[in-house]
Amino acid sequence: SAEPLRWIGEARLARNDVAGARRSFAAATQREPENWALWFGLALASDGQERQRALDRALALNPLSPEVHMLTEQ
């Protein structure tokens, strides 16, 4: 399951450990590549092209997500 990695990623983001959060979410997406929330978390912990790729994947998996749309408008 990717859930423990997701929780670790979220905790690291909350502690402002962006690099650690990015590693956790990236590992989680490897375990569950069809989970849009993991890609969204990776986008939150990323910037530049990596952020855009993660957002694109999250949006493809969940096109109605208000969270993803809000982040893409920034």
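Look up a bit, the structure's there.
Residues numbered from 1 in each chain as written. Predicted model: local features only at pLDDT ≥ 70, side-chain atom pairs only at ≥ 80, totals over all residues. Heavy atoms only, no water.

The end-to-end C-alpha distance of helix H4 (residues 48-61) is 20 Å, a good match for the 20 Å that 14 residues give at a rise of 1.5 Å each. Listed as buried for H4 are Ala54, Leu55 and Ala58. Projection of H4 onto a plane perpendicular to its axis shows the buried side chains occupying an angular sector of 100°, all on one side. Set apart from the buried face of H4 by more than 90 degrees, the exposed residues are Gln49, Arg53 and Ala60. (Helix = DSSP H or I, 4+ residues; strand = E, 2+ residues; numbered from the N terminus. Expected span 1.5 Å × (residues − 1). Buried < 20%, exposed > 50% of the residue type's maximum accessible area, 1.4 Å probe, protein only. Arc of directions from axis to C-beta.)

This part takes up helix H3 (residues 36-44). Given 3.6 residues to a turn, an α-helix orients residues that are three or four positions apart in the same direction. In terms of residue burial, H3 counts as a mostly covered element, since seven of its nine residues are buried. The complete set of buried residues in H3 reads Ala37, Leu38, Trp39, Phe40, Gly41, Leu42 and Ala43. As for H3, its buried residues are in contact with helix H1 (3-14), helix H2 (18-31), H4 and helix H5 (66-72). The N-cap of H3, judged by a side-chain oxygen 3.0 Å from the amide nitrogen of Ala37 a few residues on, is Asn35. (Contact = heavy atoms within 4.5 Å. Polar contact = N/O pair within 3.5 Å; in protein donor to acceptor, adjacent residues only side chain to side chain.)

Glancing now at the environment of Ala26. Inspection of the secondary structure assignment puts Ala26 in helix H2. According to the relative accessible area criterion, Ala26 is partly exposed, its value standing at 27%. In sequence terms Ala26 and Pro63 are 37 residues apart; their C-alpha atoms lie 21 Å from each other.

This paragraph deals with the packing of H1 against H2. Helices that pack against each other are described as a pair by the angle of their axes relative to one another and the distance between those axes. Viewed as axis vectors pointing N to C, H1 and H2 meet at an angle of 160°, and their least axial separation amounts to 8 Å. Here H1 lies roughly antiparallel to H2, going by the angle between them. Note that H1 runs across H2; the crossing there is left-handed. When H1 is examined against H2, the residues Leu5, Arg6, Ile8, Gly9, Glu10, Arg12 and Leu13 are found in contact with a partner set consisting of Gly20, Ala21, Ser24, Phe25, Ala27, Ala28 and Arg31. (Axes fitted to C-alpha atoms, helices over the stretch in contact; angles between N-to-C directions. Parallel < 35°, antiparallel > 145°, perpendicular 65-115°, else oblique. Left-handed = near helix turned anticlockwise from the far one by under 90°.)

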